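# Inside the fold
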Amino acid sequence: MYIQAAKIPCVLIRGLSKGQNYEVGDRNVDNLNSSWTAVYVARGWHFVFPSWAFSAVVGHSKGTWTLVETQGKGAREKEEKSSGLTIRHKDDYYFLTDAEEFIYRCFPNDSKWQLLTRPFTKKKFIEIAYCRPDYFKNHYKITTPTKCIYTSVGGVCDIGIKKLDKEECSYKYMLYFNHEESKTTLSSEIQLERYVAIFNEGHAMRFRIRFPSEGIYKMEIYGDGSWLCEFRLECDEDVNDVKPFPCNPESGFGPNSLTKEAGLQAQSHTTGFINTKKTKNVNMKFKMIKNVLVQAILIHNNMEKETLNKHVNHRIKGQELDINVDLPKKGEYALQINTKDKDSDGPFKNVCNYLLTSENMNKQRKLDENAIEKRTRKALQDKTSSYNINALKKALDDFDKIDLEDKGDRKKAVERLTYLSLRKELKDAMARRHGEKLEEAIGNAKSSKYESDLQELIEQAEDLLSQLRRHKSLAHEVLTMQQLTISEIHNYKHPKPMAYDVMKATYILLGEEERRVEEWEQIQALMRKTGKEGLLRRVHLFDTVNVTENMVNQASQILQPYDEERIQAFSAGLGTFYKWVTGVIEEVRKSENSPRD
């Protein structure tokens, strides 16, 4: 079949799609029959889903869910059954959708039309996480198992997510209870709030869900206002002893961007969960970059703040902040750290929180570990001494899944993971030669307690950042030139040798072979190009890492007869290109002559 007007090969594909009739976690999907297309463009087959690209159903509901919590606030809002409303809209995501993403929502009857090197089975299609288009468009990743159904363990489920580009992100969630499928009903006596907590884990977030009652739940996660993904949560355990969190801070538990903005840098406790013993003090250390007032508040579900005030204190000495907590009895507490500028008359602002517990979810800790627990602890110890970040993360996840007691192993592993992550961030930024990423990586490394350990890498990154800034400075005058000036150069019919030589040297440094710039007509053809091949775009993307010694020597030899004053007198535009070429030559030669380790 062809799209007649454009003569593009097109195939109609039939299969199953997770559309309006799908409920997250449905195990029977045989009623989700649908069809879409694949088109052959750009030397390959790509998916187009016309009905999803031009219309959407809003407000569709089977009426089976009750909203029970959102952002720490309780609710009992039962959804009304509705067939929804079909609206017209355009969604470019469903034009030429990536096959690796399309399979999350659409499963063809013929597996060859998955267009995957490793096709999904129907079972995997049913079990894979239910991810919305914005999850893929904005580059998120689920860090816990990528499945749509989670089962509670000890009345708890964990769901992790992060943004791959490491940009700051504001997350929200909505927790629902299925009042039709669940075997029990939500008692009117149950307090429906603070059953979800967010833990900051570097650039990732972990949602910890406790269940107020046995039953079937649904969790929707939003990032920067976009609906990202949802999960079915199944709890078939006795959860009478499961209590809500002492508080549910908007910024989550653990150091985060607000902590850094407030001028506090965690030195001792870099994650939001602290497991301690009955009478043991907890001492938290921070480095203070700003001169701020600090307030530390201890919170418990059943104890008055006035009583708890006696059990927390803080001391500031120079740039060191010490917060000491002495838990009055076994149980779970939250520590809120608030700050404000010394000269401010405004209120304190919450910038960091910790969840402290002297017991394991109200269960007694076993004295002896079984064989699996011993192997898990040994694996964490082994991976802590390696440089394999992924292996260490997995060992840490395995350790946390069975909730082993931290005898110092977990703390060491978290510290090692933090160090390796900072090290990797520096190396990745240097490999990408990206100024903003380098700046961010250097700042993160310098503000950590591993600054001295990473000093050599930091210095290399700073040298590269300085070099990239010089490149940017060299290109600035070229990039701010008027298009009229470039057109003027391009329109020379019989240019003087100096005009030809300046532009020839420019294109040689940009990577053109000498045989392609031997004639002025060839240079004119290059100057007519637009987009990524346009002259200014190429200067903007230019990096000396791609310049060879031969290119430098060629360009230098071409411009040897001239000087800047002479070129500028003839044409300010040519003078700008001349300054750029000679600046690049000088920069490359300086780099070649600098001492190497």
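As a convention, each chain's residues are numbered from 1 in the sequence order in which they are written. Local features in a predicted model are, by the rule used here, given only for residues with pLDDT of at least 70; side-chain atom pairs are given and counted only at 80 or more, and totals for whole chains, interfaces and linings are based on all residues. Heavy atoms from the whole structure form the basis of all side-chain values; hydrogens and water molecules are not counted.

## Details of the overall build of the protein chain
Here is the rule we go by: By the criteria applied, helices consist of DSSP H or I runs no shorter than four residues and strands consist of E runs no shorter than two, each listed in order from the N terminus. Throughout this description, buried means an accessible area under 20% of the type-specific maximum (1.4 Å probe, protein chains only), exposed means over 50%, and partly exposed covers the range between. Contacts are residue-level and defined by heavy atoms, with any inter-residue pair within 4.5 Å sufficient. Reported accessibility uses the Shrake-Rupley method at a 1.4 Å probe radius. Residues are deemed covered only where the shown protein chains occlude them. In this tally Asp and Glu are treated as negative and Lys and Arg as positive; neither His nor the chain ends contributes. The location of each charge is read from NZ of Lys, CZ of Arg, CG of Asp or CD of Glu.
Each helix and strand in the protein chain was counted, giving 18 helices and 27 strands. C-alpha atoms of the protein chain, sized along the principal axes, occupy 90 × 70 × 55 Å. Across the 597 residues of the protein chain, 47% fall into the buried class. In the protein chain, 67% of the contacts between residues at least 6 apart in sequence involve partners at least 24 apart. About 32,000 Å² of surface is accessible on the protein chain, with carbon and sulfur atoms providing 47% of the total. The positive charge centre, built from 92 side chains, and the negative charge centre, built from 87, are 3 Å apart in the protein chain.

## Thoughts on the confidence of the model for the protein chain
We apply this condition: Per-residue confidence from the predictor is reported as pLDDT, which spans 0 to 100.
Overall, the predicted model of the protein chain reaches an average pLDDT of 87, with 95% of residues at or above 70. Contacts of residues 360–365 to residues separated by more than four positions or lying in other chains number 14 contacts, the stretch itself having pLDDT below 50.

## Considerations on the side chain of Asn 248
Filter applied, for reference: Counted as a polar contact is a pair of N or O atoms within 3.5 Å, where, for protein atoms, one must be capable of donating a hydrogen and the other of accepting one, and residues adjacent in sequence contribute only when both atoms are in side chains.
Structurally, Asn 248 can be placed in the loop between strand E19 (226–235) and helix H5 (257–261). Taking relative accessible area as the criterion, Asn 248 reaches 18% and is therefore assigned buried. There is a polar contact of 3.1 Å between the side chain of Asn 248 and the side chain of Tyr 173.

## Some points on unusual backbone geometry
Positive phi, normally seen in glycine, also occurs at Leu 96, with a value near 60°. Among the secondary structure elements, Leu 96 is positioned in strand E9 (residues 95–97). You will see that His 139, though not glycine, has its phi angle at about 65°, which is positive. Within the element layout of this structure, His 139 appears in the loop between helix H4 (133–137) and strand E12 (140–142). By relative accessible area, His 139 is classed as partly exposed at 45%.

## With respect to the state of the cysteines
Note the threshold: Only a pair of cysteine sulfur atoms within 2.5 Å qualifies as a disulfide here.
Going through the model one piece at a time under the given rule, you end up with zero disulfides. For Cys 106, which is in no disulfide, the shortest distance to another cysteine sulfur is to Cys 131 and amounts to 13 Å. Of all cysteine sulfurs, the one in Cys 229 lies closest to Cys 131, which takes part in no disulfide; the gap is 5.5 Å. The class of Cys 131 is buried, set by a relative accessible area of 1%.

## Overview of the sheet that holds strand E23 (residues 292–299)
For the record, the criterion: Two strands qualify as a pair provided DSSP detects at least 2 bridges between them. Each axis is a line fitted through C-alpha atoms, and for a helix only the stretch in contact is used; angles between axes span 0 to 180 degrees, taken between their N-to-C directions.
Taking strand neighbours across the sheet as the criterion, the four strands line up as E21-E27-E26-E23 in an open arrangement whose pairing is mixed. The outermost strands of the open sheet, each flanked by one partner alone, are strand E21 (273–275) and E23. Neighbour-to-neighbour, the strand axes of this sheet turn through a mean angle of 25°, independent of strand direction. As paired strands, E21 and strand E27 (residues 349–357) are joined by three bridges and run parallel to one another.

## Let's talk about the pairing of strand E22 (residues 281–288)
In E22, alternate side chains face the same way, and those of Val 282, Met 284, Phe 286 and Met 288 are buried while those of Asn 281, Asn 283, Lys 285 and Lys 287 on the opposite face are not. One ladder, built from three bridges, connects strand E20 (residues 264–266) with E22; its direction is antiparallel. What sits directly across from Leu 264, in E22, is Met 288. Where E22 lies against strand E25 (residues 320–326), seven bridges are found, and the strand directions are antiparallel. By the bridge assignment, Asn 283 is partnered in E25 with Asn 324.

## A short note on a nonpolar patch on the surface
Here is the rule: A residue counts toward a patch only above 30% relative accessible area and without a salt bridge, and it is joined to like-charged neighbours within 9 Å or, for Val, Leu, Ile, Met, Phe, Trp and Tyr, to nonpolar neighbours within 5 Å. The term salt bridge refers to a side-chain nitrogen of Lys or Arg lying within 4 Å of a carboxyl oxygen of Asp or Glu.
A cluster of nonpolar side chains, namely Phe 54, Phe 95 and Leu 96, defines an oily patch on the protein surface of about 270 Å² accessible area. Examined against the element boundaries, Phe 95 turns out to sit in strand E9. Since its relative accessible area comes to 31%, Phe 95 is described here as partly exposed.

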